[in-house]
Amino acid sequence: MQTGIKAVDQLLAKHGIMGEEGYDQFQKRARLTGGDSRANMLPFCMYQKVAYAPLSQNFTVHHFYMPGNKGKLASFLFDEKGVLIEQVYYQKVSRWVQVCRKLQQLVQATQHDMHLAA
């Protein structure tokens with residue numbers, strides 16, 4: 001998939017989209033439970049969803065970064081069924097917002113495939 005920005009396309013070709021927990025220079029994926037203290041590091045809208053959820057509820061958070069300048073691109077929060085609950089695009093320029101939307105499509109497709117496989 002072409003995002004329109006060569007650096008992001010190269011990172012996607014090199015790292016792909018993570019389907020399991022882990023991190024690399026381009027992305028980080030983690031599983032959280034309701035009330036998890038790691039939610040403090042999330043954007044406020046995501047923090048509220050995780051911090052005030054029951055302990056039995058599980059979430060997956062997926063962050064994307066640009067490694068050169070350490071800038072954040074986007075963050076996505078999914079529930080245990082793989083449904084997107086919250087999204088945050090850190091970029092304000094329309095060209096980068098389009099990249100974030102394409103990343104969202106890729107993550108949602110991966111999340112949907114992971115849920116079907118489970």
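Here the structure is shown first, and the text comes after it.
Here the residue numbers are simple positions, counted from 1 along each chain's written sequence. Given that the model is predicted, a residue must reach a pLDDT of at least 70 before its local features are reported, and side-chain atom pairs must reach 80 or more before they are shown or counted; all residues, however, enter totals for whole chains, interfaces and linings. Just so you know, side-chain values use all the structure's heavy atoms and leave hydrogens and water out.

Counted as salt bridges are all cases of a side-chain nitrogen of Lys or Arg within 4 Å of a carboxyl oxygen of Asp or Glu. All told, the structure shown has three salt bridges when counted by the stated rule. Among the ionic pairs, Glu21 bridges to Arg31, the shortest N-O distance being 3.7 Å. Taken as a pair, Glu21 in the loop between α1 (6-15) and β1 (22-23) and Arg31 in strand β2 (residues 27-33) lie far apart in primary sequence, 10 residues in all. For Glu86, the salt bridge identified is with Lys49, shortest N-O distance 3.9 Å. Residue Glu86 is found in strand β5 (residues 84-89), and its partner Lys49 is found in helix α2 (residues 44-51); the two are separated by 37 residues along the sequence. Secondary structure elements follow DSSP: runs of H or I of four or more residues count as helices, runs of E of two or more count as strands, with numbering from the N terminus.

Structurally, Thr3 is set in the segment before α1. Counted as a polar contact is a pair of N or O atoms within 3.5 Å, where, for protein atoms, one must be capable of donating a hydrogen and the other of accepting one, and residues adjacent in sequence contribute only when both atoms are in side chains. Here the side chain of Thr3 touches Ile5 through a polar contact of 3.3 Å, landing on its backbone oxygen. Within the structure, the side chain of Thr3 is placed 2.6 Å from the side chain of Asp9, a separation counted as a polar contact. Leaving out residues up to four positions away in the same chain, Thr3 has contacts with Val8, Asp9, Leu12, Val99 and Lys102. The criterion used for residue contact is that any of the two residues' heavy atoms lie within 4.5 Å.

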